[in-house]
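# Tertiary structure, described
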Amino acid sequence: MEIKIANLGRSYVQDDKTVEAVKDVSIEIPSNTIYGIIGKSGAGKSTLVRLISLLEKPDSGEIYYDRKRVDNLSKKDLILQHRRIGMIFQNFNLFYSRTAAKNIAYPLEICHVAEKDIKKRVKELLELVGLADRADAPISTLSGGQKQRVAIARALANNPDILFCDEATSALDPQTTRSILELIRNIQKKMNLTVVMITHQMEVVRDACEYVSVLNNGSVVETGTVKEIFSNPKSEVTKDFLSHLTSN
Ligand code: ADP
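Every value quoted in this text rests on a predicted model; they were computed, and no experiment measured them. (Residues numbered from 1 in each chain as written. Predicted model: local features only at pLDDT ≥ 70, side-chain atom pairs only at ≥ 80, totals over all residues. Heavy atoms only, no water.)

### Some remarks on the overall build of the protein chain
Convention followed: Secondary structure elements are defined from DSSP: runs of H or I of at least 4 residues count as helices, runs of E of at least 2 residues count as strands, and each element is numbered from the N terminus. Computation of the radius of gyration draws on C-alpha atoms alone. For the globule rule, the value is 2.2 Å times the number of residues to the power 0.38. A simple rule labels every residue: compare its accessible area, found with a 1.4 Å probe on the protein chains alone, to the largest value its type can have, and call it buried under 20%, exposed over 50%, or partly exposed in between. When checking whether two residues touch, look at their non-hydrogen atoms; a contact exists if any pair is within 4.5 Å. The charge count treats Lys and Arg as positive and Asp and Glu as negative. His and the chain ends do not count. Note on charges: their place is set at NZ of Lys, CZ of Arg, CG of Asp or CD of Glu.
When helices and strands are tallied, the protein chain shows nine helices and ten strands. Since a compact globule built from 248 residues should have a radius of gyration of about 18 Å, the 18 Å found for the protein chain is in line with a globular shape. Considering only C-alpha atoms, the protein chain reaches an extent of 50 × 45 × 35 Å along its principal axes. Per-residue burial for the protein chain yields a buried fraction of 48% across its 248 residues. Considering only contacts in the protein chain between residues 6 or more positions apart, those separated by 24 or more positions represent 68%. Taking the average location of the 34 positive side-chain charges in the protein chain and that of its 31 negative ones, the two points are 5 Å from each other.

### Description of the site of the ligand
Defined as follows: Residues are labelled near a given molecule or strand when at least one of their non-hydrogen atoms is within 4 Å of it. Pairs of N or O atoms are called polar contacts if they sit within 3.5 Å, as long as, within protein, a hydrogen donor faces a hydrogen acceptor (for residues adjacent in sequence, only side-chain-to-side-chain pairs). In these tables, accessible area is a Shrake-Rupley quantity obtained with a 1.4 Å probe, and a residue counts as shielded only by the protein chains included in the view.
In the neighbourhood of the ligand, 13 residues make up the surrounding shell, with Q14, G42, K45, S46 and T47 lying closest. K40 is positioned with one of its backbone polar atoms (N or O) 3.5 Å from an oxygen atom of the ligand. Contact distances for the ligand include 3.0 Å between an oxygen atom and a backbone N or O atom of G44. Burial of the ligand by the protein chains amounts to 67% of its free accessible area of 550 Å². Going through the elements one at a time, strand 1 (3–14), strand 2 (17–29) and helix 1 (45–52) are the ones with two or more residues in the shell around the ligand. Counting residues per element, the shell around the ligand draws most heavily on helix 1, which supplies four residues.

### A word on the state of the cysteines
The following threshold applies: The disulfide criterion used throughout: a pair of cysteine sulfur atoms within 2.5 Å.
Inspection of the entire model under this criterion finds zero disulfides. Of all cysteine sulfurs, the one in C209 lies closest to C165, which takes part in no disulfide; the gap is 8.9 Å.

### Observations regarding the sheet that holds strand 8 (residues 194–199)
Inclusion rule: Whether two strands pair comes down to DSSP finding at least two bridges between them. Axes here mean lines fitted to C-alpha atoms, for a helix over just the part in contact, with angles spanning 0 to 180 degrees between N-to-C directions.
Strand order in this open sheet of six strands is 6-7-8-3-9-10, and the pairing throughout is mixed. Either end of the sheet is taken by a strand with one partner, and the two such strands are strand 6 (85–89) and strand 10 (219–225). With strand direction ignored, the average angle separating the axes of adjacent strands in the sheet is 15 degrees. Sheet contacts for helix 5 (residues 144–156): strand 6 and strand 7 (162–166); angle to strand 6, the most-contacted strand, approximately 165 degrees.

### Some remarks on helix 4 (residues 115–128)
Along an α-helix, residues three or four positions apart point the same way, because every turn accommodates 3.6 residues. What counts, and what does not: Each residue after the first adds 1.5 Å to the expected span of a helix. This arc is taken over the directions from the axis of the helix to the C-beta atoms.
An ideal rise of 1.5 Å per residue puts 20 Å on 14 residues; helix 4 measures up with 20 Å between its terminal C-alpha atoms. The complete set of buried residues in helix 4 reads I118, R121, V122, L125 and L126. Down the axis of helix 4, the smallest arc covering the buried residues is 135 degrees, so these residues share one side. Within helix 4, the exposed residues directed more than 90 degrees away from the buried face are K116, K119, K120 and K123. Check the buried side of helix 4 and you find it contacts helix 3 (100–110), helix 5 and helix 6 (174–191). G130 lies just past helix 4 and shows a positive phi near 75 degrees.

### A few points about the packing of aromatic side chains
Selection rule: Here a pair means two rings of Phe, Tyr or Trp (six-membered ring of Trp) with centres within 6.5 Å. Their orientation is stacked below 30 degrees between planes, edge-to-face above 60, and tilted elsewhere.
Per the counting criterion, the structure on display carries two aromatic pairs. Measuring from ring centre to ring centre gives 6.0 Å for Y35 and Y211, while their planes differ by 15 degrees; the resulting arrangement is stacked. One end of the pair, Y35, is in strand 3 (residues 34–38); the other, Y211, is in strand 9 (residues 211–216), with 176 residues separating them in the sequence. Among the residues examined, Y35 registers a relative accessible area of 2% and is labelled buried. Of the residues examined, Y211 reaches a relative accessible area of 24% and is grouped as partly exposed.

Right, dumping it as structure tokens:
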């Protein structure tokens, strides 16, 4: 699924002042790739991901999935479109009252999939994320990396076209981060997914992404392949990110 966003804008009113969280952002995300969006805290990343994933409507601009306009869908079409989108977050957003398997089953239950098909699909997904032996584990007994694996499996349950990762590895140590990024890379290839990765860590861009856009104060200041940006950064913000890159 190719994603195109054109001239997106979104403002909020805070203490009687208008904050332009996203300003005239245009990005083309090719199909079947991992695309990074990097920016410091407050750059507008979370707002942008809420807009691209259709959780929130922009004030201005347009969003296309495979050339189909999606920012103005009816409520019914929006619900259907959301089922084709997977999302994972820094804090996992899992149900602590459910086991690993029951978390993964949840989106399938919502879609009224037959019980025996849910069982089969959950088993496949647990295997895909390397947690076949933890099906019945309560979430509280899992490590951070294992929790994110459950969240990834749940996000993929309905075979989405797009996976949004919003600071998905920010709460994890470097070694666990690497293993989660490797899993995302493998899944991207296996499922022909378009992955949009929101991060403030250049290590994540380096280790997982093919393309990157650098966001600063709500605007895109630089876009290119990760190779290009790493070998020839143009903006000060990008140079600053690169100068803080660690070697682990
Ligand atoms: P990032 O994810 O890069 O840290 P955000 O998108 O969260 O950036 O925030 C960008 C700016 O928009 C910030 O100034 C933030 O305070 C403001 N903002 C984001 N969401 C809201 C909201 N729901 N209401 C008011 N202000 C918001």
